[in-house]
Amino acid sequence: MGYLRDRWRVAALRARYARRVQERLLNLVETSGPLPVSEDPGKWTLLGPGSGAMDAVQRTDLRARARQLAMTNSHARNVIRLLEIYVVGPGLKLSHGARREDAAAKELAARADAVWAEFLRANQRHFSYREYGRRAWRDGECFLRLFRRPAWPPSVRFVDPETVATPAHEEESEGIVTELDDVETPVAYQRVDAVSLELREEIPAAEMLHTKLGADSNQKRGVTILAPAIETLESFDKWLETELLARRLQSSIVLWRKVQGSPSEVASVADGAKHNSRTDPYGTVRNEKVRAGTILTTSQGTDLQFLQPDTNFGDAVPMGRLLLLCLAAGQGLPEFMLTCDASNANFASTMVAEGPAVKLFQAEQQFFVAEFERLWRWVMSEAIRAGLLPDDFHDQVMPHWSAPELVNRDRPRERLADARLCDAGILSKAEVARRDGADPELMRAEREEE
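The present account deals with the structure reproduced in this document. (Residues numbered from 1 in each chain as written. Predicted model: local features only at pLDDT ≥ 70, side-chain atom pairs only at ≥ 80, totals over all residues. Heavy atoms only, no water.)

### Some details on the nonpolar core
Keep this limit in mind: Among buried residues, the Ala, Val, Leu, Ile, Met, Phe, Trp, Tyr and Cys ones that are joined through side-chain atoms within 4.5 Å form a nonpolar core. Under the scheme applied here, a residue whose accessible area is under 20% of the maximum for its type counts as buried, over 50% as exposed, and between as partly exposed, the area being computed with a 1.4 Å probe on protein chains only. Under the scheme used here, helices are H or I runs from DSSP no shorter than 4 residues and strands are E runs no shorter than 2 residues, and both carry numbers assigned from the N terminus. Only heavy atoms enter the contact rule, under which two residues are in contact if any of them lie within 4.5 Å.
Core analysis: the biggest nonpolar cluster contains 61 residues, and Trp 116 and Leu 375 have the highest contact counts within it. Ranked by the residues each element gives to this core, the list is headed by helix H10 (residues 347-385), at 13 residues. When residues no more than four places from it in sequence are discounted, the contact partners of Leu 375 are Trp 116, Phe 119, Phe 127, Leu 144, Leu 146, Val 156 and Leu 209. Core analysis: the second largest hydrophobic core is formed by 8 residues, Val 159, Tyr 189, Ile 203 and Met 208 among them.

### Focus: the environment of Cys 142
Considering the arrangement of structural elements, one finds Cys 142 in strand E2 (residues 141-147). Under the relative-accessibility criterion, Cys 142 is labelled buried at 2%. Each C-alpha atom, one on Cys 142 and one on Lys 212, is 6.6 Å from the other, the two residues being 70 residues apart in sequence. When neighbours within four sequence positions are excluded, Cys 142 is seen to be in contact with Tyr 132, Arg 135, Ala 136, Phe 158, Leu 209, His 210 and Thr 211.

### Considerations on a nonpolar patch on the surface
Quick note on the threshold: The patches described consist of residues with a relative accessible area above 30% and no salt bridge, like charges being joined within 9 Å and nonpolar side chains (Val, Leu, Ile, Met, Phe, Trp, Tyr) within 5 Å. Only the protein chains shown count as covering a residue, and every accessible area follows the Shrake-Rupley method with a 1.4 Å probe. Counted as salt bridges are all cases of a side-chain nitrogen of Lys or Arg within 4 Å of a carboxyl oxygen of Asp or Glu.
On the surface, a cluster of nonpolar side chains totalling about 430 Å² of accessible area is made up of Met 1, Tyr 3 and Leu 4. You can see Met 1 is positioned in the segment before helix H1 (2-31).

### Let's talk about the packing of helix H2 (residues 56-72) against helix H3 (residues 74-87)
Keep this limit in mind: As a rule, the C-alpha atoms of each element are fitted with a line to give its axis, helices using only the stretch in contact, and angles between N-to-C directions run from 0 to 180 degrees. Should an angle fall under 35 degrees it is taken as roughly parallel, and over 145 as roughly antiparallel, whereas 65 to 115 is taken as roughly perpendicular and any remaining angle as oblique. Three classes are used: nonpolar for Ala, Val, Leu, Ile, Met, Phe, Trp, Tyr, Cys and Pro, charged for Asp, Glu, Lys and Arg, and polar for all others, with Gly counted as polar.
In the contact formed by H2 and H3, the axes pass within 6 Å of each other and the chain directions differ by 90 degrees. In terms of their interaxial angle, H2 and H3 are classed as roughly perpendicular. Along the contact surface, H2 presents Leu 69, Ala 70, Met 71 and Thr 72, while H3 presents Ser 74, Ala 76 and Arg 77. Split by residue class, the contact of H2 with H3 holds 4 nonpolar, 2 polar and 1 charged.

### Looking at a negative patch on the surface
Convention followed: Think of it this way: Lys and Arg go in the positive column, Asp and Glu in the negative one, and His and the chain ends go nowhere. Charged groups are reduced to one reference atom each: NZ for lysine, CZ for arginine, CG for aspartic acid, CD for glutamic acid.
Taken together, the side chains of Glu 446, Glu 448, Glu 449 and Glu 450 make up a negatively charged region of the molecular surface. By the element assignment, Glu 446 lies in helix H14 (residues 440-449).

### Comments concerning the sheet that holds strand E5 (residues 182-192)
The test is simple: Only strands that DSSP links by at least two bridges are regarded as paired with each other.
Taken in spatial order, the 3 strands make up an open sheet running E4-E5-E6, and their pairing is antiparallel. Edge positions in the sheet fall to strand E4 (176-179) and strand E6 (199-204), since each of these pairs with one other strand and no more. Shown here is a sheet whose adjacent strand axes are inclined to one another by a mean of 35 degrees, direction ignored. Examined bridge by bridge, E5 and E6 share 5 bridges and lie antiparallel to one another. Bridging across to E6, Ala 188 finds its partner in Pro 204.

### Overview of the sheet that holds strand E7 (residues 208-212)
Pairing is antiparallel across the open sheet formed by 3 strands, whose spatial order is E3-E2-E7. Pairing within the sheet leaves two strands with one partner each, and these edge strands are strand E3 (155-159) and E7. Going from strand to strand, the sheet's axes swing by 20 degrees on average, the running direction of each strand aside. Of the strand pairs in this sheet, E2 and E3 are connected by 5 bridges, and their pairing is antiparallel. Of the residues in E3, the one forming a bridge with Phe 147 is Ser 155.

### Description of the pairing of strand E12 (residues 397-402)
Here E12 shows one buried face, formed by Val 397, Pro 399 and Trp 401, and one open face, formed by Met 398, His 400 and Ser 402. Both strand E1 (residues 93-98) and E12 contribute to a ladder of 6 bridges, which runs antiparallel. Residue pairing in the sheet places Ser 95 in a bridge with His 400 of E12.

### Remarks on unusual backbone geometry
Across the junction of Trp 152 and Pro 153, the peptide omega takes the value 5 degrees, indicating a cis bond. Relative to the helices and strands, Pro 153 is located in the loop between E2 and E3. The phi angle at Glu 174 is positive, at roughly 60 degrees, despite the residue not being glycine. Positive phi values are uncommon outside glycine, yet Leu 197 reaches one of about 60 degrees. Tracing the chain through its elements places Leu 197 in the loop between E5 and E6.

### Quick look at the pattern of salt bridges
Taken as a whole and assessed by the stated rule, the structure comprises 24 salt bridges. Put simply, Arg 134 and Glu 84 hold a salt bridge, and the shortest N to O gap is 3.4 Å. Within this pair, whereas Arg 134 is found in helix H5 (residues 129-139), its partner Glu 84 is found in helix H3, the two being separated by 50 residues in sequence. A salt bridge links Glu 373 to Arg 377; its shortest N-O distance comes to 3.7 Å. Of this pair, Glu 373 and Arg 377 both sit in helix H10, separated by 4 residues, roughly a single helical turn. We classify Arg 377 as partly exposed; its relative accessible area is 42%. Taken together, the shared-partner salt bridges connect Arg 63, Arg 67, Arg 138, Asp 139, Glu 141, Glu 162 and Arg 221 into one network.

So, in structure tokens, the structure goes:
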């Protein structure tokens, strides 16, 4: 009996050992698989300075220099203006479409148009698409604070990046408090006094719309788009100042009068000059002013030479153009857009050169449309909370953004080609209407009414 009991215990221990081995293997397999971000032990930390990130002081200095250039430098101002016009300028509109083909959904879409128009009208002094884009490009980021109000509509205000910073005597946070081990999830924004850096308030992340440019996802703050162009712009300004100074020197005329004879004869010739002559401390050289319209009469023993400094302006012009080309490459724009001068290229080369710029503008349009859609969702949520829209609004209505037109062509000629393609059955009449910027459904309804 004792032998049987020992054999039973050995078998039980083996089974227990096998069970524990299987459990540990199963736990190991489960932990090595993909996990949610909140449970991932990888720690999504901030990009460190060793990886090329800027600290707060460098970013503040860069932003100040970019603001100064955007206000005083013609090329920097032109870059910002081009982005404003082609990305968030005239033509950027929001309309709503019904997800279902019924009268109730279409009526709800029209009501949403009125709600969004009322929000923009109430905040027209504090918010605009152009200012949002201009702040983001110039400063590298844009902060828009969202204020809930008991009465409709809600309000929004821009927040200066200087006031979102690490409070004094606190651990470096760049003004953005994030989740532990997840720098990409903001919790609150620290607003401080711009002078004393004393903490004024912590704004919840749900009340702030933050857009950053030129930064990785695990970087908290953005970088201005003028960052690669600041040194080039300053060098171009210095080059231009040097060349203008050379032009002033070249425009000055220096008269060198050579008189053959003894020093006494030279002195007698100088004494015979006008009363505005000057004598140097040694009394050997006489300097005279030559005014416009002056007539000089000399003898055979006098030689007159007009001296001008040689500035070699022809050699300096390629240097200035090279600086402009470097600036255009840094901003992704062709030279004729940056300088507003297309004399260096013909029509064919200009059309080829504008291709990358068109793609750049399209990419910026898609990016800012996505950012504005975040604001749209918040506004519509506030309208739902105020009872202006039903709870299932997002299931019935979707937004349609219209971006500014990027390419201008000979539309009458293209319209004639579209009409021929429509007669041939290649294009539909609705597509021709859309290419002219008209709504086919609206045009059909208006034709029926007429």
